[in-house]
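Listed below, chain by chain, are the residues.
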Amino acid sequence: MISPQQTLSVASPVPPPVLPTVSFAFVEDWLTALRAYCPPAQLAGFLDQTGLAVAEGQPRARVTHDQIVRLYQLVAIGTGDEMMGLWSRPTRSGALKHLCVSVRGAASLGGALYRFTTFWNLLLDDYRLSFEAEGEAMRVSLLPRGAALPQRFGHMLLLKLTHGIASWLAGRELPVRAVGFVFPRPPFAEDYPILFPARVDFAQPCSFIAFDRSLGALPVARSEAEMRDFLHRAPRDWIFTSSREHALSLRVRQMVQLSDRMGFHLTDAARALHLTPRTLMRRLEAEGTSFQDIKDGLRRDIAIRDLTQGGKSLEAISQDVGFATVANFHRAFRRWTGMTPGAYRRERR
């Protein structure tokens, strides 16, 4: 087993992170909007091309980072709406490019976020974006223009775009001070920390994202070539968070990933973080998770990756994610996704 000290060593090679999956329920709001926006045959084509068609009707189905990115790209191009039917007025093709041109011309990050809000206020009928810098925080808020019900995926995507654009301009993923949503806590609330490196609160007066005000003075320096690459990859660079410093659950997940066949325990993580096990348990509970949930989530996501992308046998995958027998792996995978590993592999090839 890799020791806690080794997990934190900068000299040790760090494998690429296994990106978390999200529940199918998390993207259901998006699909509901698309059903009202796209002809049925067009939407069916989008779902077939992303492998999401087989997940419909399966309450425990998981959706990968690649599937979200691919669906975003297909829908944005196929419909000509870069916000994919999530708002009452379409966001025409090229809008995000003009947004990037506008914000990268600002003198500082605070000025860029102000430009970000004024840009969207020219396009959105449903909400007005507000930028405020008061006290120790900078805050971008979504304020309703009328009585429309909040679209959960739309609110998430716009706040995530705020974070993604700000981080791109700064050249690193920025810490987030706070995130809030106007809608009640959904059943899939545990998916939100995968996207935002901060505590996420629900049933707030409005949806918002806040940063430390000191970040507003950061210079903005991005070339046109860097902008083209950012847009070409969208939303790959900003839809999920990779922050380790500001999200405890993600830091613990990375420690587990670096261990040998998941041989990393709560006491190991607590020691590496200079916490008592009880304190670590309490802090993870405050984030809506537990050490075992993090460990099982990583095992599930590694298995999903290897079942869909590689030629590993079920026996090898079972061993890699720390199961003594294939039978135990089968039972756990069915509990995680509602499907056996073999069926999952067949339906996604």
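Relevant structure appears above.
For every chain, the first residue of the written sequence is number 1, and numbering continues from 1 onward in sequence order. Restriction of local features to residues with pLDDT of at least 70 applies here, the model being predicted, together with a cutoff of 80 or more for giving and counting side-chain atom pairs; totals for whole chains, interfaces and linings are based on all residues. Calculated side-chain values reflect all of the structure's heavy atoms, with hydrogen atoms and water omitted.

**Q** What should I look at first to understand the layout of surface pockets in this one?
**A** Any empty space left between atoms is shown by rolling a water-sized probe over those atoms. Buriedness for pockets is judged along seven lines, at least five of which must meet protein on both sides within 12 Å for an open set on the 1 Å grid over protein atoms alone, while cavities are sets there where a 1.4 Å probe fits but cannot get out, and lining residues have an atom within 4 Å of a point. Grid points are joined across faces, edges and corners, and a volume is the space filled by probe spheres set on the points. Estimates place the volume of the largest pocket at around 510 Å³. Only DSSP runs of H or I with at least four residues qualify as helices, and only runs of E with at least two residues qualify as strands; both kinds are numbered from the N terminus onward. At the level of secondary structure, the elements contributing two or more residues to the lining of the largest pocket comprise helix H9 (248-258), helix H12 (291-309) and helix H14 (326-337). If one sorts the elements of the lining of the largest pocket by residue count, H12 sits on top with seven residues. Taken together, the residues that form the lining of the largest pocket break down as seven nonpolar, four polar and ten charged. Gly is placed with the polar residues, together with every amino acid not listed as nonpolar (Ala, Val, Leu, Ile, Met, Phe, Trp, Tyr, Cys and Pro) or charged (Asp, Glu, Lys and Arg).

**Q** Would you mind showing me how to read the packing of helix H2 (residues 24-37) against helix H7 (residues 152-170) here?
**A** To describe two helices that pack against each other, one gives the angle between their axes and the distance between the axes. The angle between two axes is taken between their N-to-C directions and runs from 0 to 180 degrees, where each axis is a line fitted to C-alpha atoms and a helix contributes only its stretch in contact. Relative orientation of the contacting elements H2 and H7 amounts to 100°, with a least axis distance of 8 Å. In terms of orientation, H2 lies roughly perpendicular with respect to H7. Touching Phe26, Val27, Asp29 and Trp30 of H2 are Arg152, Phe153 and Met156, all from H7. Classifying every residue of the contact of H2 with H7 gives five nonpolar, no polar and two charged. Roughly parallel means an angle under 35 degrees; roughly antiparallel, over 145; roughly perpendicular, 65 to 115; everything else is oblique. Working rule for contacts: check all heavy atoms of both residues, and any pair within 4.5 Å makes them a contact.

**Q** Looking at this model, I keep getting lost on the environment of Arg346. Mind explaining?
**A** Residue position: Arg346 is located in helix H15 (residues 341-347). With a 1.4 Å probe rolled over the protein chains alone, any residue whose accessible area is under 20% of its type maximum counts as buried; one over 50% counts as exposed, and the rest are partly exposed. Overall, the relative accessible area of 61% leaves Arg346 in the exposed class.

**Q** Please explain the packing of aromatic side chains as it appears in this structure.
**A** Given two aromatic rings, one states the distance between the centres and the angle between the planes to describe the pair. Pairing of aromatic rings covers Phe, Tyr and Trp, the last through its six-membered ring, and needs centres within 6.5 Å; plane angles under 30 degrees mean stacked, over 60 mean edge-to-face, and all others mean tilted. Inspection of the entire model under this criterion finds 21 aromatic pairs. With centroids separated by 5.8 Å and ring planes inclined at 75°, the aromatic side chains of Trp87 and Tyr127 adopt a geometry described as edge-to-face. Taken together, the positions of Trp87 in the loop between helix H4 (65-79) and helix H5 (95-104) and Tyr127 in strand E3 (residues 127-134) put the pair 40 residues apart, joining distant regions of the chain. Neither residue differs from the other here; Trp87 and Tyr127 are each classed as buried. Counting every residue linked through ring pairs, the aromatic cluster contains Phe26, Trp30, Phe153, Phe181, Phe183, Phe188, Tyr192, Phe196 and Phe202. Any Lys NZ or Arg CZ that is within 6 Å of a ring centre and within 35 degrees of that ring's normal is treated as a charge sitting over the ring. Over the ring of Phe208 we find Arg139, and its NZ or CZ is 3.9 Å from the ring centre. In this structure, Lys160 packs its charged tip against the face of Phe196, placed 5.4 Å from the ring centre.

**Q** Explanation requested: helix H11 (residues 277-286) in the structure shown.
**A** Note that an α-helix has 3.6 residues per turn; residues three or four places apart therefore point the same way. Every buried residue of H11 is listed here: Thr279, Leu280 and Leu284. Summarising the axial view, the buried residues of H11 lie within an arc of 130°, below the 170-degree limit, and thus occupy one face. Along H11, exposed side chains directed more than 90 degrees from the buried face belong to Arg278, Glu285 and Ala286. Each element contacted by the buried residues of H11 is listed here: H9, helix H10 (266-272) and H12. Where H11 ends, the next residue or the one after it, Gly288, has phi of about 80°, a positive value. What the arc measures is the spread of directions leading from the helix axis to the C-beta atoms.

Don't take any of this as a statement about function, it's just geometry.
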